[in-house]
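Residues per chain, in single letters:
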4 protein chains.
Amino acid sequence: MAITEVPTHLRAAVDAAKKKVADLHAELPRWELVVWTAGNVSERVRDTQGAADGTDDLLVIKPSGVSYDDITPDAMVVCDLQGNLVEGDRSPSSDTAAHAYVYANMPEVGGVVHTHSTYATAWAARGEEIPCVLTMMADEFGGPVPVGPFAIIGDDSIGRGIVETLSGSRSPAVLMRNHGPFTIGGDAKAAVKAAVLCEEVARAVHVARQLGDPLPIAQEHVDALYARYQNVYGQR
Amino acid sequence: MAITEVPTHLRAAVDAAKKKVADLHAELPRWELVVWTAGNVSERVRDTQGAADGTDDLLVIKPSGVSYDDITPDAMVVCDLQGNLVEGDRSPSSDTAAHAYVYANMPEVGGVVHTHSTYATAWAARGEEIPCVLTMMADEFGGPVPVGPFAIIGDDSIGRGIVETLSGSRSPAVLMRNHGPFTIGGDAKAAVKAAVLCEEVARAVHVARQLGDPLPIAQEHVDALYARYQNVYGQR
Amino acid sequence: MAITEVPTHLRAAVDAAKKKVADLHAELPRWELVVWTAGNVSERVRDTQGAADGTDDLLVIKPSGVSYDDITPDAMVVCDLQGNLVEGDRSPSSDTAAHAYVYANMPEVGGVVHTHSTYATAWAARGEEIPCVLTMMADEFGGPVPVGPFAIIGDDSIGRGIVETLSGSRSPAVLMRNHGPFTIGGDAKAAVKAAVLCEEVARAVHVARQLGDPLPIAQEHVDALYARYQNVYGQR
Amino acid sequence: MAITEVPTHLRAAVDAAKKKVADLHAELPRWELVVWTAGNVSERVRDTQGAADGTDDLLVIKPSGVSYDDITPDAMVVCDLQGNLVEGDRSPSSDTAAHAYVYANMPEVGGVVHTHSTYATAWAARGEEIPCVLTMMADEFGGPVPVGPFAIIGDDSIGRGIVETLSGSRSPAVLMRNHGPFTIGGDAKAAVKAAVLCEEVARAVHVARQLGDPLPIAQEHVDALYARYQNVYGQR
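What counts, and where the lines are drawn
- Residues numbered from 1 in each chain as written.
- Chains lettered and ligands numbered in written order.
- Predicted model: local features only at pLDDT ≥ 70, side-chain atom pairs only at ≥ 80, totals over all residues.
- Heavy atoms only, no water.
- UniProt positions renumbered as here; feature names shortened; annotations may be inferred.
- Helix = DSSP H or I, 4+ residues; strand = E, 2+ residues; numbered from the N terminus.
- Least-squares fit on C-alpha atoms with pLDDT ≥ 70 in both.
- Phe/Tyr/Trp six-rings, centres within 6.5 Å; stacked < 30°, edge-to-face > 60°.
- Lys NZ or Arg CZ within 6 Å of the ring centre and 35° of its normal.
- Contact = heavy atoms within 4.5 Å.
- Buried area = accessible area lost by both parts, 1.4 Å probe.
- Salt bridge = Lys/Arg side-chain N within 4 Å of Asp/Glu carboxyl O.
- Buried < 20%, exposed > 50% of the residue type's maximum accessible area, 1.4 Å probe, protein only.
- Pairing = 2+ DSSP bridges.

The name given to chain A in an unreviewed UniProt entry is L-ribulose-5-phosphate 4-epimerase, with Isoptericola dokdonensis DS-3 as the source organism. Quoted verbatim from the Cofactor (unreviewed entry) field of UniProt, the annotation for chain A is "Zn(2+)". Quoted verbatim from the Sequence similarities (unreviewed entry) field of UniProt, the annotation for chain A is "Belongs to the aldolase class II family. AraD/FucA subfamily."

This is the structure we're talking about:
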């Protein structure tokens, strides 16, 4: 049965997500990941009273083609996990189907971000994964940043490409071929962080490669760094 | 007959265009498309009571050599489509003749932008078109960004080069050889958007090319992406 | 004997250092040396009433994983020179052990900075020192910027790598392999300055090398520039 | 006879120059030409009652090693054309001798700027002039941007290198080998403009050269562009 409005028991959670998603959009121009109206952040709102498989969950996302100057909580739109508009005055981002597909197929994911950040997009244009030659890459990505398939907008092929590439991968980022990065996280903030770090490692490894070959990091060190960062870093 | 002042029936439209053009100039330094006083944005003011071929239309543009800090609606100048000053205290931009030629010869164009943005200018210095290897390029440009001829300022050769290159092209941007990009649009905002995206794709494809060959996008996919973006993206 | 709280006679000095260290963190994003929560600045607080070898000194540093928007003097944490928390509500930066090791083993050092700045990190990824081909490098670094060993977080191997590389070197900066730069100084501000200049010379020499070989500077000129800069530059 | 204080008849002109020079320093970080305290702007104050050869003129410049946050008109210092301090609480910039030498030997110069801007410095590190392959280069520089000799700070060798390179050249910019650009102009603002454009053309031509050879511009076109820009551009 289609969801036609935000259920009362999710009202507070949806409003909180609108605020959070609107605020997090400011991080994309701040870290120079987007130009003009490109890029989008979404967050899942879990319906704990809904179906056990999460199919009643909602997502909050930016409307299509809206300036970063005009992003407010009220401007955000709400969709179901088929990408249909549930609440909002404007059309959802044209990438909504991809976000929705990820939420519908990766229950642990709570946030998705898409940008066309320059260096990550350049690796994507060559269809080349970013090798793991920096300790900060081992920390956050646990290995290379993988490349996803070429997929055209308009059906669920982008969403499928993301899910197939990231399922079972340590990396929260995928470089969709000829397109750009999508990142995932436990919530929208974690996905934004992955987008910021994805561009930073794409740039630093690109620059390193311009004048020679970066030195590899032994797999055991990659594993140790990843394990520590996931379990110890930050505030507990 | 020369236009010597803004006709009364165009006063409100001219004033609105001055405000809009002044505001849009702020986008050029914001997206790092210009340094110092370089670059300019113009918009056509259509005289629907004038000649059917649009020869009575006016254009609003930035004065020559003025700092981006000093751009206000009142500082903007008004010219006819031969590039003659109709209203304003200062000399019009030295690129006015090129803008005017475009409006006079491409009736569908409502906005023109010129910058020396770094990466687009670098492609122009080599006289090399930007290949269409990114989905965002297919969306906005519908193919490669073409190169226009070398043309020297002082007669209508720049304007002719723009018109000859862009007539019949999907691309709203042309890289004038050894010079820099000019972009067009249905209004000034659309031309500014094209200038922002032109630099972004010039940079991303440059970066991709530094470490190898970007993968091509099949023509049928370029066509599909372009068709969708022109018809579906954004708010209707 | 473990230090369990800030001694009364160091209270004013610790509070002053918290203010200074908090303010100096703003320089890292300002000069684009860090993204997200990466990077950290610390300063030593000397206990002139403590042991003559400085083992009773304290250090002030940023907490782990905290946004640059949330850095205030009160948020800073205090540790002893074994890296144990002495004062503060949050976990210290995960790089604290490296900072503490430097203070414990280099008594002249009063400030330490760590970043993942892009170009310095790229040289570190290749394990390649930055050659001294700019007069500003001779001024500040007195020669090449050296590379330190690969070292994994979790024991004192990063600290040891920094100390072994910088002891007896003119350079206040070391590029830790596959990781990024650490810089030292007489106080935190001097270490921040070294971090800013390290990235600038890493970038300028990288750019120079992209199109050919930079010209060497004769050793006698490097020596003369370094001597003058260390003794004459700035306000006395 | 040494000048020991600002003559009464130059007080107003010196104060106006302090204000102007302080304000213009803000353009250096704005256009990303400097990091930390590097870079300096000066302006000549002509003593029309003094010696006909200009030897009684003064110059206003930034003090040495001062943060861009602390630059105010009152912080500026005044020197004579031998580089001796005439007025001010702080040591003048360590580049003052070079500025003073230029004013003493090029009477038409009213402003001098020095930066370590990244791309211009990279060309300087290779000792390679920037070829004139952009119309904006022809406009402002009238040909290539030339390279000056290697010169060490501490005597007048930097000043001599600037004067010998720029005397009789159209270019207001010289790339001092292994060091960075110096620019001159009729006043300090014109020299700042030349510094901004020098970095922009250094960057754009660098980027162009990374993927091939820029197309040359015929000498007759360079000459025509230069003549027009010097005589027609801007407000009269």
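Chemist: Can you break down the UniProt feature "domain: Class II aldolase/adducin N-terminal" (unreviewed entry) in chain A residue by residue, with the values?
Modeler: According to UniProt, the feature "domain: Class II aldolase/adducin N-terminal" (unreviewed entry) maps to residues 19–206 of chain A in the numbering used here. Between the end C-alpha atoms of residues 19–206 of chain A there is a gap of 35 Å, over a span that is 35% helix and 18% strand.

Chemist: Now, about the relation of the copies chain A and chain C: what can you tell me, with residues and values included?
Modeler: Take chain A, turn it by 90°, move it 0.0 Å along the axis, and it overlays chain C with an RMSD of 0.0 Å. Given the turn and translation reported, the copies of this chain are related as if by a four-fold rotation axis. When C-alpha distances to the rotation axis are compared across chain A, the minimum falls at Gln 210 of chain A, with a value of 5.3 Å.

Chemist: So what's going on with the packing of aromatic side chains? Residues and values would help.
Modeler: Two measures describe an aromatic ring pair: the distance that separates the ring centres and the angle between the ring planes. For the structure on display, the rule yields zero aromatic pairs over all chains. When the ring centre of Trp 123 of chain C is taken as reference, the NZ or CZ atom of Arg 126 of chain C above it lies at 4.9 Å.

Chemist: I'd like a description of the interface of chain A and chain B, backed by residues and values.
Modeler: Chain A puts 30 residues into the contact, and the matching count from chain B is 33 residues. Both faces considered, chain A and chain B share a buried interface measuring about 2,900 Å² in area, 63% of it formed by carbon and sulfur atoms. The largest contributions to the chain A side of the interface with chain B come from Val 35, Trp 36 and Arg 126 of chain A, which together make up 26% of the buried area. Between Arg 30 of chain B and Asp 69 of chain A there is a salt bridge; the shortest N-O distance is 2.9 Å. Every element with two or more residues in the side of chain A that touches chain B is listed here: α4 (118–126) and α7 (188–210) of chain A. The element best represented in the side of chain A that touches chain B is α4 of chain A, accounting for six residues.

Chemist: Please provide a residue-by-residue account of the pairing of strand β8 (residues 180–185) of chain A, values included.
Modeler: All names here are of chain A. The buried count for β8 comes to six of six residues, which makes it a mostly enclosed element. As paired elements, strand β5 (residues 111–114) and β8 share four bridges and run antiparallel to each other. Paired with Val 113 across the bridge in β8 is Thr 183. Sheet analysis places strand β7 (residues 173–176) next to β8, joined by four bridges and oriented antiparallel. For Leu 175, the partnering residue across the bridge sits in β8 and is Pro 181. Between β7 and β8, which pair antiparallel and follow one another directly, the connecting turn spans three residues, one of which, Asn 178, has a positive phi of 60°.

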